[in-house]
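Chain by chain, the residues run as shown.
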Amino acid sequence: MNSKVKKMIDQSELVSFDIFDTLVSRMCKTPADVFTLVAQQYELPAEQFQADRIQAENAAREEDRSGEIRLEDIYRHLEQRYPNASELMQAEIAMEYRVCYPNGEMTALFQYACENKTVVLTSDMYLSEPVIEKILENCRISGYRKLFLSSTLKKTKHAGDLFAHVLEACHKKPEQMLHIGDNLKSDYLIPKSKSIRAFRYVPPKKKPDSFCVPVLDAFLARKAPQEDSDFYHTFGYTVLGPAIYGYVSWIKDFLQKHDIQKVFFFAREGEFIKRAFDCIADQTFEGHYLYVSRRSLTVPAIATIHDVASFLKYRPIRDRVKVCDQIEKLGLKAADFSECSWCREETLQKTFGELQDAEKQAIIGSMFQKVQQQAKRELVLLKAYLRQEHVNQKFAVVDLGWNGSMQSALTDILSSSSEPFDMTGFFLAQRDEYYKYKDKIRNFGYLFNYGAVSPEENLLLNSGTSLLEFLFSASHGSTIQYAEKDGRICPVLDQYEFAEVYPIIRACQDGAIDFIHDFIGEFPDGAGIPCKQFFSPMYRVLQQPPQAVISHFGDICVSDMNETEIYLAEKCPVSAPKKWIRAFVNSGWKVAFLKRNLKTSHAMAMYSLLRKHFNG
C-alpha cells in the first residue's frame, strides 16, 4: 500500500489527510465507547449514558442543519437530565486526550508527504479546533500547513463544501489535490466526485472488546521520547520502564493481599527495584535496602549446615572455574590448604572440569571444612547486621531472581537465631535450579513459577538473563562481608565492575522511572492492564532484538555465572569458525549475537537449536 500511496503523493501538489481513524486512532473499538468510559468515571449507568449522549448528538444535528455541530451543542441537550453536563463535557474531552494515539502506518505517510508537499488536515468533527490541536500535539503530529474543521467552518466533507473551501484557501485546482481518509463516502466518493484524487485507507479490523488496541502500546506511541533523544533513556522508557512497573505493581498487589508491610530489597538489583517500587508505594509499606549478596549470605550459612551436599547447593562449583578462583570466592587463600596433598600450583590452576573425580571430591571436602571455620566468624557479624536492620517478624524479600539460594541461606541463618520470622520472597521469575530450594522457602515469580512455564517462555527469558541483570545493576560493588564501624555493622563492598558503563545503566533506569511517573500520572489505577502484560515490550526485544538495540548493547561487558567478563553480543566474523563458536558460547545475549553476526530474522529459533550443542 505504501508504494502506491507514495506515488500518488509524489504526483500531487496538495495532500489532505483525514484525522480520526486515519492519522489518529482510539484505543476503544468505537467513538461511542468514549461515552461509556466517561460514564464509568462518574459511576453513571454506562449503557444509559451512552444512549443519551448519542441521542443528544442526533438532536443537535436535527436542530442545526447548516453544517457540523459543536460539542457544546450536544451537551446543551443533556443539561436537563444531567445537571453536571458541563463537567461531563470536559470529562469527554479529557477522555479523548487519553484514548487517542498516533496510527504509525499513516503518520509515516504523513511525514513523507510533509517533506516536499503542502499538507493540510481535513476533518468532519464536533470537537473544537483547540481540542483537535491538542490531540494532534499529544500524538506528535506536526508539520501540516493548516487545519480545516467542520466544527469551525460549518462546512463538511460529507456535503462536499469543505473540500471546495480547502481548494480555494490553498489556491489549488481539484486535480492537484490528493485526499487520504478512511470513510468510503466522505473521504473517497465525495472528493472523487469533485475531481479530487482520493485514496481510501482501510484500518485494521478491531477486536470485539472495548479496548481493541493495547493501552500500553498506545501510551508509548504518544509519550515515548523522540527518536533523536538519548537512546538509552528512550530504551529505558519504552522497554525497561513497562517491565519494572509491571513487576513492582505485581509485588504491591501481592503485599496488600497478604497484609505484608515490611519489604527488604536485596542488593544489588534491588536498588533499582526499590526505586521503582517507591514510585507507586504509599506509606503502608516499609521499604528497606538490604546489603546482601550470594557470597555474603551463603558463606556464613555454611556454618549452619553439616554435609557437603548442602555446601554445594549454596556454593555450586562449575566445571569451567579454576580451583584457585573458587578458593578466593570463598574468602580463603591457597595457603590455607598447604597441608593438603592436592595443594600444588599445577592443581590450583586447573578447572574443576579438568580434575579426576577423586581429586575433585577431595578438594571440595577440604574447602567445606576450611570454609566452615571462616563461616562461623562471618555469621556473627551477619546476624548482628540483620538484627540491626530489623530483619524479623513478618516481611518480604525482593530480588531479580532466579533460583532461591540467597533466600534459602537467609532462612537457615534466621532459623539458627532466636528471632521469629515469616518470610515471603518475590522474583522476576523462578528458574531451572529453583527445585533445590522449593521445599524450604516460600517464593513467587512475577513472570512464572518453577514448573509452571512453557518451554518457549522459559527459553525466551533464559536468552536475555545477562541483559536483564545488566539493566538492573546497582551503583555499587557486591557485598563481600560485614565489619563493625562506629558502633554499626556496615557492608564491606567489592570493587565496582560497571564504573565505566554505569552512565548507560543509569540512563536506562532513569528512563524507566520517567515512564512510571508518566504512566501513573495518566493511569493511577494501571488502566486495568494485567501486570504481566507490561513485560511484553521486553519480551519483544528478547524475541527479535532490533539492530539499534544490538549495536548499543552488544559491545558491553558483563560477568557470567563464573564471574568471567563476557560481551553481551560482540561483533565476530563467521569466516573464522572456531573464533565464532567460542564467541557465541561466551556471549551473554546469544540471540542478539546470532542476529548481529548472521543477519538473520530467525535468531531465536537458531538459539534454541544451538544451545543444546554448545551448553548455551
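The structure reproduced in this document is the subject of the present report. (Residues numbered from 1 in each chain as written. Predicted model: local features only at pLDDT ≥ 70, side-chain atom pairs only at ≥ 80, totals over all residues. Heavy atoms only, no water.)

1. Topic: the sheet that holds strand β4 (residues 118-123)
- Pairing in this open sheet of five strands is parallel, and the strands run β5-β4-β1-β6-β7 from one edge to the other. Here the strands that pair on one side only, and so sit at the sheet edges, are β5 (146-149) and β7 (197-200). Each adjacent strand pair in this sheet contributes to an overall mean axis angle of 20 degrees, direction not counted.
- This element, helix α10 (residues 184-193), spans β6 (177-181) and β7 of the sheet and lies at about 155 degrees to β7. (Pairing = 2+ DSSP bridges. Helix = DSSP H or I, 4+ residues; strand = E, 2+ residues; numbered from the N terminus. Axes fitted to C-alpha atoms, helices over the stretch in contact; angles between N-to-C directions. Contact = heavy atoms within 4.5 Å.)

2. Digging into the packing of aromatic side chains
- Taken as a whole and judged by the stated rule, the model has 43 aromatic pairs.
- Residues Trp250 and Tyr446 carry aromatic rings whose centres are separated by 5.9 Å and whose planes lie at 45 degrees to one another, so their mutual orientation is tilted. With Trp250 in helix α12 (residues 231-257) and Tyr446 in the loop between β12 (443-445) and α20 (455-463), this pair connects stretches of sequence that are 196 residues apart.
- Here Phe519 and Phe534 contribute two aromatic rings whose centre-to-centre distance is 5.4 Å and whose plane-to-plane angle is 90 degrees, an arrangement assigned as edge-to-face. Here Phe534 lies in the loop between α22 (502-522) and α23 (536-543) and Phe519 lies in helix α22, a separation of 15 residues in the sequence. The pair Phe519 / Phe534 is uniform in exposure class, with both members buried.
- An aromatic cluster is present here, built from Phe231, Tyr232, Phe235, Phe470, Tyr496, Phe498, Tyr502 and Phe553 joined pairwise through their rings.
- Above the ring of Tyr126, the side-chain terminus of Arg53 is found at 5.1 Å from the ring centroid.
- The ring of Phe584 has Lys590 sitting right over it, with the charged end atom 6.0 Å from the ring centre. (Phe/Tyr/Trp six-rings, centres within 6.5 Å; stacked < 30°, edge-to-face > 60°. Buried < 20%, exposed > 50% of the residue type's maximum accessible area, 1.4 Å probe, protein only. Lys NZ or Arg CZ within 6 Å of the ring centre and 35° of its normal.)

3. Some details on the packing of α20 against α23
- Across the interface, α20 lies against α23 with an axial gap of 9 Å and an inter-helix angle of 80 degrees. Considering their axes alone, α20 and α23 lie roughly perpendicular with respect to each other. Listed contacts from α23 to Glu457, Leu460, Leu461 and Ser463 of α20 are Tyr539, Leu542 and Gln543.
- Its residues assigned to classes, the contact of α20 with α23 shows four nonpolar, two polar and one charged. (Parallel < 35°, antiparallel > 145°, perpendicular 65-115°, else oblique. Nonpolar A, V, L, I, M, F, W, Y, C, P; charged D, E, K, R; others polar.)

4. Focus: the pairing of strand β13 (residues 479-485)
- Relative to strand β14 (residues 488-493), β13 is paired through six bridges, and the arrangement is antiparallel. Residue pairing across strands places Tyr482 opposite Pro491, the latter belonging to β14.
- Hairpin remark: β13 followed by β14, antiparallel, with two residues in the connecting loop; positive phi at Asp486, about 55 degrees.

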